[in-house]
Amino acid sequence: MQIATACSLLFLLSLCRGISGTTRSRRQELPQFAAPPLKIAAFNVQVFGTRKMQDPAVVTTLVKIISRYDIIAIQEIRDSSETAFPFLVRLVQQANQNTGKTFDSVISSRLGRTFSKEQYGFIYRSDVVSVEDTYQYVDPKDVFQREPYAVKFKAPGKAVETFGFIVIHTEPDQAVKEIDALVDVYDVLAARWGTQEILIGGDFNGDCDYASGNDWLSVRLFTDKRFAWLINDCVDTTTKQTDCTYDRFVTAGPKLKSAIVHNSATVFRFDQEYHLTERQTIKVSDHYPIQLGLEGLPNRALQRKIQPSVSYRVSEEGFATATDIRQIESTSFTVEKLYTKTGGLNHVVATKALVRNLQTNIDRFRQENEGVLSDNLVSGLMAYEDTLVHPVYVYGIETYYSTGNIDIVCEVAERKCTVTVYRRARVK
């Protein structure tokens, strides 16, 4: 007995028939199912100040990194002169003056209990987003070494047009306590801005010696169901020999949670992108930037033109006898028997349309026709069916699979039965 399986996914787009152009330009002409995503990052630029700005190679790399994003939250700005960050912003503006991108920035006050104070800075594309409010958290219990800084952004054309972004760089030895207190910061800002849609990001020092294992059970930001963590513990956010997930993104608010681009929350390996040596990389920072995408508004007019579908089939040879195949009958399936020119039975085809529950219908067919479909074949079918809980992801299309058709084709001479399932998908 042999079992063979196959699966295919098809997106039928009537609009594509009218697409033309050269091979070089066709990619630009393809229709977009949604507006481009908003590219967001958080980056601890280790001890960023005037000394780092004196290294041309480092500055060049920083400008390249920052230019990739629509919003980037910079941490660990240590500069008593407060000149390094504005200078960096000017260089980013100059580097992009012929690209159509325009950049602006906001920066916090100098923070910290010790002599070594830090600032948080946001650099953002002012042609894509605007700043509606900034807020320096007031820490009534003196929990934070460097109190979080937050910005409320407006992003026209994105799935969430207004959201907050809280940036934090925790004190390593107090990381658990400070991460826990971020819930209080969130509550203050949610009330101030009248929105649940807030992103929290930065260097949490949230791994290895500072926060791990059972520590998380006492962290409200981790246990509170309002929050979703996007950078998992398997991601190394450091550039040195350590393997730690210090940097994190946490989202809150139903709209923001659902609008994060699938699998976009990760690190940006600028060393690989720009072909840097380990020494050159460490000069930039001991952290990689973390990044994510926020979906653009869907193109509803285009989505109405698509007809997503999926099909899969499982074949089995040698299980059913020729007699079992000849005797196939069903009250729930439409059965058709196909004969050769000489009058011999060639195929038996059983079909059913508008099927919702595959298991129920296959079980009913098997009760009526014992010995035709084996347990192994049905297990193969259901394995495919289970994958439809997580459909293939296409940016800008949110689908769910609904009704479909079942075709059962059994060949008498080969004693081979093939079950094919066609599922149509709806676009939400």
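Up top is the structure.
About the cut-offs
- Residues numbered from 1 in each chain as written.
- Predicted model: local features only at pLDDT ≥ 70, side-chain atom pairs only at ≥ 80, totals over all residues.
- Heavy atoms only, no water.
- Pairing = 2+ DSSP bridges.
- Helix = DSSP H or I, 4+ residues; strand = E, 2+ residues; numbered from the N terminus.
- Axes fitted to C-alpha atoms, helices over the stretch in contact; angles between N-to-C directions.
- Disulfide = S-S within 2.5 Å.
- Contact = heavy atoms within 4.5 Å.

(A) Local environment of the sheet that holds strand 9 (residues 198-203). One open sheet holds the six strands; their spatial order is 6-7-8-9-11-10, and the pairing between them is mixed. The open sheet has two free edges, formed respectively by strand 6 (130-136) and strand 10 (227-229), since each of these has just one partner strand. Here the average twist between neighbouring strands, direction ignored, is 20°. In terms of strand pairing, strand 10 meets strand 11 (residues 247-252) through three bridges, oriented antiparallel. Directly across from Ala 228, in strand 11, lies its bridge partner Thr 251.

(B) Spatial organisation of the state of the cysteines. Counted according to the given criterion, the structure contains two disulfides. Sulfur-sulfur distance for the disulfide between Cys 208 and Cys 244 comes to 1.9 Å. The sign of the -105° torsion about the S-S bond sets the Cys 208-Cys 244 disulfide as left-handed. Taken together, the positions of Cys 208 in the loop between strand 9 and helix 6 (220-223) and Cys 244 in the loop between strand 10 and strand 11 put the pair 36 residues apart, joining distant regions of the chain. The disulfide partner of Cys 410 is Cys 417, and the gap between their sulfur atoms is 2.1 Å. Because the sign of the S-S torsion sets the handedness, a value of about 115° for the bond joining Cys 410 and Cys 417 places this disulfide among the right-handed ones. Here the bonded cysteines of the protein are numbered in sequence order, and their pairing is 1-2, 3-4.

(C) Structural context of unusual backbone geometry. Unlike most non-glycine residues, Val 47 shows phi in positive territory, near 45°. Looking at where Val 47 falls in the secondary structure, it is placed in strand 2 (residues 38-48). Positive phi values are uncommon outside glycine, yet Glu 76 reaches one of about 65°. With respect to the helices and strands, the residue Glu 76 is situated in strand 3 (residues 71-77).

(D) Quick look at the sheet that holds strand 4 (residues 103-107). Taken in spatial order, the six strands of this open sheet run 4-5-3-2-13-12, and their pairing is mixed. Of all the strands in the sheet, just strand 4 and strand 12 (266-267) have a single pairing partner and so form its edges. Where strand 2 meets strand 13 (residues 290-294), five bridges bridge the pair, whose relative direction is antiparallel. For Ala 42, the partnering residue across the bridge sits in strand 13 and is Ile 290. Strands strand 2, strand 3, strand 4 and strand 5 (119-125) of the sheet are contacted by helix 3 (residues 56-67), whose axis makes an angle of about 155° with strand 2. Packing of helix 4 (residues 84-95) onto the sheet brings it into contact with strand 2, strand 3, strand 4 and strand 5, and relative to strand 4 it is tilted by some 165°.

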